[in-house]
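Chains, contacts and geometry: an overview
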Amino acid sequence: MSNNRDTTFAIIKGPSVHRGHAAAIINRIRQDGFEIHHASAVSISEDQLNRLYAEHINNPYYPACKAVMGGTMGCIAFYAAHPEGDSVARLRKLLGGSSNASACTPGSIREEFGGFRFGSDPLLYADNAVHASDSDDAVVRESGIFFGNRLLDATPPVEERVLPASDMRLHVVDTVSVGVAEGSPELSEEVQREVELAS
């Protein structure tokens, strides 16, 4: 399957959700012209996390990734599509150009919402607010882990996109079940409330 919709995939990480920043992050992305599709609260299982970060498992910083993304901490996954295309690169630029939030472009999403600003260890690069796919192939692979790619072709093609109106609301689906591993605890009311605020 290919990413023929020029759509990117992203996850607002658990610490940012629990700090109450999910709606503000979504709004920043929308203000840049992105449409947001299929935003869903997800509780990421260890298997999903290992598949998402397969190339990082043997690196010394991987436990930090697990601490930020895994366990019972709820995240919010979504597709983002820009009407002018090049969605993957556009979103990564908006995030700030570095995995280290404290080294990101001033005023970028990671620089503004990264954990280093809220008492988290500045060296904990994984607490950088948002994970975003770095290529079209990664969009297909990573979103497939959570959505099974059943939603990727449901996003509108570039020629049908319009800049979002100020009152446009997110299309939120499967706020509990999507991406929740069998037997894992339910997402907290706080996480579900953040999805509702973002919508």
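Computed from a predicted structure; not experimentally measured.

1. Comments concerning the packing of aromatic side chains
Summed over the entire model, instances satisfying the criterion amount to four aromatic pairs. Summarising the aromatic geometry, the rings of Phe9 and Phe146 are spaced 5.9 Å apart at their centres and angled 25° between planes, so their arrangement reads as stacked. Of the two residues, Phe9 is situated in strand S1 (residues 8-12) and Phe146 in helix H7 (residues 136-147); the sequence distance between them amounts to 137 residues. Assessed through its relative accessible area of 5%, Phe146 is described here as buried.

2. A look at the pairing of strand S3 (residues 74-81)
Most of S3 is tucked away, with eight of its eight residues classed as buried. Of the two faces of S3, the one lined by Gly74, Ile76, Phe78 and Ala80 and the one lined by Cys75, Ala77, Tyr79 and Ala81 are each fully buried. Sheet topology places S1 next to S3; five bridges connect them, and they run antiparallel. Of the residues in S3, the one forming a bridge with Ala10 is Phe78. Taken together, the seven bridges between strand S2 (residues 35-43) and S3 define a ladder with antiparallel strand orientation. Across the sheet, the residue bridging to Val42 is Cys75, located in S3.

3. Describing unusual backbone geometry
One non-glycine residue with positive phi stands out, namely His38, at about 60°. Note on placement: His38 falls in strand S2. The phi torsion at Asp86 lies on the positive side, around 55°, for a residue other than glycine. Mapped onto the elements, Asp86 comes out in the loop between S3 and helix H5 (87-95). Residue Asp86 is classed as partly exposed on the basis of its relative accessible area of 48%.

4. A short note on the confidence of the model for the protein
Confidence in the prediction for the protein averages 78 pLDDT; 70% of positions are at 70 or higher. Scored below 50 in pLDDT, residues 161-187 shows 66 contacts in the model against residues more than four places distant or in partner chains.

5. Some words on the layout of surface pockets
Estimated volume of the largest pocket: approximately 440 Å³. Contributions of two or more residues to the lining of the largest pocket are made by helix H4 (62-69), strand S4 (130-132) and H7. Partitioned by chemical class, the residues of the lining of the largest pocket number 12 nonpolar, four polar and seven charged.

6. Topic: empty space enclosed by the protein
One pass over the structure, following the stated rule, counts one cavity of 30 Å³ or more. The volume enclosed by the largest cavity comes to roughly 50 Å³. Its residues assigned to classes, the lining of the largest cavity shows five nonpolar, five polar and two charged.

7. Describing the sheet that holds S3
Reading across from one edge, S2-S3-S1-S4 is the order of the four strands in this open sheet, with antiparallel pairing throughout. Because the sheet does not close on itself, it has two edges, and the strands there are S2 and S4. Within this sheet the neighbouring strands show an average axis-to-axis angle of 20°, counted without direction.

8. Some words on the environment of His37
Secondary-structure assignment places His37 in strand S2. Here His37 falls in the buried class, since its relative accessible area comes to 14%. Taking the C-alpha atoms as reference points, His37 and Phe78, separated by 41 residues in sequence, lie 6.0 Å from one another. Side chain to side chain, His37 and Glu35 meet in a polar contact 3.0 Å long.

Calculation notes
- Residues numbered from 1 in each chain as written.
- Predicted model: local features only at pLDDT ≥ 70, side-chain atom pairs only at ≥ 80, totals over all residues.
- Heavy atoms only, no water.
- Phe/Tyr/Trp six-rings, centres within 6.5 Å; stacked < 30°, edge-to-face > 60°.
- Helix = DSSP H or I, 4+ residues; strand = E, 2+ residues; numbered from the N terminus.
- Buried < 20%, exposed > 50% of the residue type's maximum accessible area, 1.4 Å probe, protein only.
- Pairing = 2+ DSSP bridges.
- pLDDT = per-residue confidence, 0-100.
- Contact = heavy atoms within 4.5 Å.
- 1 Å grid on protein atoms, 1.4 Å probe; cavity = no way out; pocket = protein on both sides within 12 Å on 5 of 7 lines; lining within 4 Å.
- Points joined across faces, edges and corners; volume = space filled by probe spheres on them.
- Nonpolar A, V, L, I, M, F, W, Y, C, P; charged D, E, K, R; others polar.
- Axes fitted to C-alpha atoms, helices over the stretch in contact; angles between N-to-C directions.
- Polar contact = N/O pair within 3.5 Å; in protein donor to acceptor, adjacent residues only side chain to side chain.

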